[in-house]
2 protein chains.
Amino acid sequence: MKRLRNENADLDASDLKILRLLEKDARTSTAELARAVGLSAPSVAERIRKLQENGVIEAYTVRINPAALGMKLSAWLRIRPVPGQLAVVTEIIRDLPEIALCDRVTGEDCFIALAHVGSVAELERVIDRIIPYAMTNTAIIQSSPVEPRSLLDGLKG
Amino acid sequence: MKRLRNENADLDASDLKILRLLEKDARTSTAELARAVGLSAPSVAERIRKLQENGVIEAYTVRINPAALGMKLSAWLRIRPVPGQLAVVTEIIRDLPEIALCDRVTGEDCFIALAHVGSVAELERVIDRIIPYAMTNTAIIQSSPVEPRSLLDGLKG
DNA sequence: CATGAAAACAGGTCTTA
DNA sequence: TAAGACCTGTTTTCATG
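Looking at an unreviewed UniProt entry, one finds chain A named Lrp/AsnC family transcriptional regulator and attributed to Mesorhizobium album.

J.: Teacher, can you tell me more about the protein's contact with DNA strand D here?
T.: In the vicinity of DNA strand D, the contacting residues are Ser29, Thr30, Ala31, Arg35 and Pro42 of chain A together with Leu39, Ser40, Pro42, Ser43, Arg47 and Lys50 of chain B. Of everything in DNA strand D that lies within 4 Å of the protein, sugar and phosphate atoms constitute 83%. A distance of 2.7 Å separates a phosphate oxygen of DNA strand D from a polar backbone atom of Ala31 of chain A. In this structure, Ser43 of chain B approaches DNA strand D through a side-chain N or O atom, which is 3.3 Å from a sugar or linking oxygen. Contributions of two or more residues to the surface near DNA strand D are made by α2 (30-37) of chain A together with α3 (41-53) of chain B. Counting residues per element, the surface near DNA strand D draws most heavily on α3 of chain B, at four residues. The residue inventory of the surface near DNA strand D, partitioned by class, reads four nonpolar, four polar and three charged.

J.: Even after reading the chapter, I still don't get the interface of chain A and chain B, so can you show me in this structure?
T.: Each partner contributes residues to the interface: chain A has 65 residues there, and chain B has 67 residues. Interface of chain A and chain B: buried area, both sides summed, is about 6,300 Å²; carbon and sulfur atoms make up 56% of it. Linking chain A with chain B are 36 residue pairs in polar contact (both at pLDDT 80 or more), by the criterion used here. Every element with two or more residues in the side of chain A that touches chain B is listed here: α1 (13-24), β3 (57-64), β4 (73-81), α4 (86-95), β5 (99-105), β6 (111-117) and β7 (134-146) of chain A. Split into classes, the residues belonging to the side of chain A that touches chain B amount to 36 nonpolar, 14 polar and 15 charged. Taken together, the three bridges between β7 of chain A and strand β5 (residues 99-105) of chain B define a ladder with antiparallel strand orientation. In the strand pairing of β5 of chain B, Ile141 of chain A is matched with Val105 of chain B.

J.: Got a minute to help me understand the UniProt feature "domain: HTH asnC-type" (unreviewed entry) in chain A in this structure?
T.: The UniProt entry lists residues 11-72 of chain A under the feature "domain: HTH asnC-type" (unreviewed entry), expressed in the numbering used here. Secondary structure content for residues 11-72 of chain A is 53% helix and 15% strand, while the C-alpha to C-alpha distance between its ends is 39 Å.

Cut-offs applied
- Per-chain numbering applies: the sequence of each chain, read as written, is numbered from 1 onward.
- Lettering of chains starts at A and numbering of ligands starts at 1, both following the order in which they are written.
- The predicted origin of the model limits local features to residues at a pLDDT of at least 70 and limits the giving and counting of side-chain atom pairs to 80 or more, whereas totals for whole chains, interfaces and linings rest on all residues.
- In computing side-chain properties, one takes all heavy atoms of the structure into account and sets aside hydrogens as well as water.
- Nearness here has a simple test: a residue counts as near a molecule or strand if at least one of its heavy atoms is within 4 Å of that partner.
- We call two N or O atoms a polar contact when they sit within 3.5 Å, provided that within protein one can donate a hydrogen and the other can accept it, with sequence-adjacent residues counted only if both atoms are side-chain atoms.
- The numbering of helices and of strands both runs from the N terminus, where a helix is a DSSP run of H or I of at least 4 residues and a strand a run of E of at least 2.
- Three classes are used, and their members are as follows: Ala, Val, Leu, Ile, Met, Phe, Trp, Tyr, Cys and Pro are nonpolar, Asp, Glu, Lys and Arg are charged, and the others, Gly among them, are polar.
- Two residues form a contact once any of their heavy atoms are found within 4.5 Å.
- Computed with a 1.4 Å rolling probe, the buried area is the accessible surface lost when two parts are put together, summed over both parts.
- Strands are treated as partners if at least two bridges between them are detected by DSSP.
- UniProt positions are given in the numbering used here, feature names are shortened, and annotations may be inferred rather than shown by experiment.

Have a look at this one:
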């Protein structure tokens, strides 16, 4: 049987199937997962426990529609702190709840951040907090040709 | 009572609490949610059903650690198709399972995409698929000053 | 496999439009 | 009076030792 082996994880076809099912609906019961993969419920529970322990499964979360919460505008910000202000910018970003995600990256831009806001005015307030200490470049999201997609899609089995 | 009102949703404090708890652990049982918010289990189940129906809750998913699956390298790609090749580039991106996420954006770059790969060689293969039809700019993720954060953090109540 | 917990379902009450 | 939110039982299903 095909196995995916790393220092942390050692996944077989059943593990992958469980992960795929949980990705589609994290609230699927152990019993139902068991039926789908053809194992006993305790066996599936044990596999899930191990996937968590190994750090393969980091968390179970709910995907919330930003627009339904009034966040009708989303934007990617590229942020390039002026010399000496990197720590300050990091702190400001951490303090802005509108920033849903921020990665430190290589290249001329130091950070890439995702902001969800209710209006252009709100977006301006976010940028105004950062701009004293960094150059920013804002790209408003128009659509998503690729909806958040599974890491598992690239794996066979 | 404070309410968050939109065309789709009309959330009260209990709904927000339920969403926050599900965000922390989407597998929390209805019974436990009920205890936490001080309602009966059927009542909480009904609220959750409505949140799904209203599109506030889009999905329950599991967060998988890319590194645990051998994807040790993640990168942001900015992609700017050469004139006339936008449709082709869109198709290529859709066909690349390494691309976990891709947004169409305003500005000089047309797309922003997130890729998870196992190695630099694999990253090169991804870029090589795109580069005949677009200018790309690749920024490798070094760290994440802001871990994926709740949309609800900005809301009071 | 057995037991305690939880989910699903079915009325029933109270409030509000 | 009708709709909606919530509650209390009961039955079935599930989690887990």
